[in-house]
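What the coordinates show
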Amino acid sequence: MHSIGCGIPTLRASASMACFPQPLTCSQASQMRVDCNLLNMGDNFTLDSVANITIIVTPWDRFVHIFPLVVLMLLIIIGNASLIGVIATTQSLHTITNMFMISLAISDLFVGLVVIPVNLAIPTALFHGYTTCMYAACVTIIVAIASMSNIFAVTVDRYVAITAPLHYRVRMRPSIAMAMISVSWIYSTILGLLPILGWRVTQSTCFRGETYPPLYTLLIFFSGCIIPVWGSGILYMRIFTLV
């Protein structure tokens, strides 16, 4: 196995399956840790067939990548599991607001139990295949949008409680809260599964989200981030003006 002159870890590739149909320059390959010298295909080459890609990393590389994620994962799991346990076992905390809080905690718990471990094991499908990357990316999208949707639902709940306290119990019944929570999860699941259902880039390195078509990326950005953030911001501005 060869090394690149700039001193970054290198990869070894053997030809048998199409993974990188588009031309790549050596500078792009260096960023992706692919060894141009090993492939011996010049400065403008195409990885038409790659079966195995083996990465060489130093212990410091592993530590820098793994340690912060492990700490974050443990904090997320312990914090959200504790919150769910306290609310579930304390009768006085069985309120409408805490129904939304539990839903939010569950979505955050999935980040610690699924998303971070997946990113620890499979930092990119460049090493484990297009399908693996696509499924991992879809789970990440589902959890992320569910978190944003639940935050917006909590904001709506607080808005109703503060602006119409006398009508809160009528407007925020348990059935309405469950409907809002269900819509949040169904909405995020449908958006997250769209690439699996066919809306995806079929030929891609699957490197840094390249499985997503541009229109899908815009849809996720606006519906999963911009709209909930702007909605929450507007509602909190209304709350502050009233208070």
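Residues numbered from 1 in each chain as written. Predicted model: local features only at pLDDT ≥ 70, side-chain atom pairs only at ≥ 80, totals over all residues. Heavy atoms only, no water.

This part covers the overall build of the chain. Check the secondary structure of the chain and you find eight helices and four strands. Tracing the chain from N to C terminus, the helices and strands come up as β-β-α-α-β-β-α-α-α-α-α-α. Looking at the 243 residues of the chain, the share that counts as buried comes to 35%. A sequence separation of at least 24 residues applies to 73% of the contacts in the chain between residues at least 6 apart. (Helix = DSSP H or I, 4+ residues; strand = E, 2+ residues; numbered from the N terminus. Buried < 20%, exposed > 50% of the residue type's maximum accessible area, 1.4 Å probe, protein only. Contact = heavy atoms within 4.5 Å.)

What follows is about the environment of Ile-142. Positionally, Ile-142 belongs in helix 5 (residues 130–163). The exposure class assigned to Ile-142 is buried, which follows from its relative accessible area of 14%. In the structure, Ile-142 is positioned 35 residues away from Ser-107 in sequence and 9.0 Å away in space, judged by C-alpha atoms. Excluding anything up to four places from it in sequence, Ile-142 contacts Ser-188, Thr-189, Gly-192 and Leu-193.

In this section: the packing of aromatic side chains. Counted according to the given criterion, the structure contains four aromatic pairs. When the centroid spacing of 6.2 Å and the interplanar angle of 65° are considered together, the rings of Phe-110 and Trp-185 count as edge-to-face. Remark: Trp-185 occurs in helix 7 (residues 174–197) and Phe-110 occurs in helix 4 (residues 96–121); sequence separation between them is 75 residues. (Phe/Tyr/Trp six-rings, centres within 6.5 Å; stacked < 30°, edge-to-face > 60°.)

What follows deals with the confidence of the model for the chain. Here the chain averages 75 in pLDDT, and 68% of its residues register 70 or above. Low confidence marks residues 1–54, where pLDDT is under 50. Its contacts with residues over four positions away, or in another chain, come to 109 contacts. (pLDDT = per-residue confidence, 0-100.)

Here we take up the nonpolar core. Residues Ile-96, Phe-100, Val-156, Val-160, Tyr-168 and Met-172 are the most contacted members of the largest nonpolar core, which totals 14 residues. Take this core: its biggest share by element is six residues, from helix 5. The residues contacting Tyr-168, other than those within four sequence positions of it, are Ile-96, Thr-97, Asp-157, Arg-158, Val-160 and Ala-161. Residues Ala-137, Ile-141, Leu-194 and Tyr-216 belong to the second largest nonpolar core, which totals eight residues. (Core = buried A, V, L, I, M, F, W, Y, C linked by side-chain atoms within 4.5 Å.)

Together, Trp-60, Phe-63, Val-64, Phe-67, Val-71 and Leu-75 make up an exposed nonpolar region whose accessible area comes to about 630 Å². Among the secondary structure elements, Phe-63 is positioned in helix 3 (residues 59–89). We classify Phe-63 as partly exposed; its relative accessible area is 44%. (Patch = residues over 30% accessible without salt bridge, like charges linked within 9 Å, V, L, I, M, F, W, Y side chains within 5 Å. Areas by Shrake-Rupley, 256 points an atom, 1.4 Å probe, with all protein chains shown as cover. Salt bridge = Lys/Arg side-chain N within 4 Å of Asp/Glu carboxyl O.)

Moving on, we come to the packing of helix 7 against helix 8 (residues 214–242). Interhelical geometry of helix 7 versus helix 8 gives an angle of 165° and a closest axis separation of 11 Å. In terms of axis orientation, helix 7 runs roughly antiparallel to helix 8. The crossing of helix 7 and helix 8 is left-handed. Here Tyr-187, Leu-191, Gly-192, Leu-194 and Pro-195 of helix 7 lie close against helix 8, whose contacting residues are Tyr-216, Leu-219, Ile-220, Ser-223 and Gly-224. Looking at the contact of helix 7 with helix 8 residue by residue, the class counts come to seven nonpolar, three polar and no charged. (Axes fitted to C-alpha atoms, helices over the stretch in contact; angles between N-to-C directions. Parallel < 35°, antiparallel > 145°, perpendicular 65-115°, else oblique. Left-handed = near helix turned anticlockwise from the far one by under 90°. Nonpolar A, V, L, I, M, F, W, Y, C, P; charged D, E, K, R; others polar.)

Time to look at the side chain of Thr-97. Of note, Thr-97 is situated in helix 4. Assessed through its relative accessible area of 18%, Thr-97 is described here as buried. A polar atom in the side chain of Thr-97 sits 3.5 Å from the side chain of Tyr-168. (Polar contact = N/O pair within 3.5 Å; in protein donor to acceptor, adjacent residues only side chain to side chain.)

Bringing the packing of helix 3 against helix 4 into the picture now. In the contact formed by helix 3 and helix 4, the axes pass within 9 Å of each other and the chain directions differ by 155°. The pairing of helix 3 with helix 4 is recorded here as roughly antiparallel in orientation. Helix 3 and helix 4 meet at a crossing whose hand is left-handed. In terms of residue class, the contact of helix 3 with helix 4 is made up of 21 nonpolar, five polar and one charged.

Attention shifts here to helix 4. The terminal C-alpha atoms of helix 4 lie 38 Å apart, and with 26 residues this matches the ideal 38 Å at 1.5 Å per residue to within 8%. Within helix 4, the full set of buried residues consists of Ile-96, Thr-97, Asn-98, Phe-100, Ser-103, Leu-104, Ala-105, Ser-107, Leu-109, Gly-112, Val-115 and Ile-116. (Expected span 1.5 Å × (residues − 1).)

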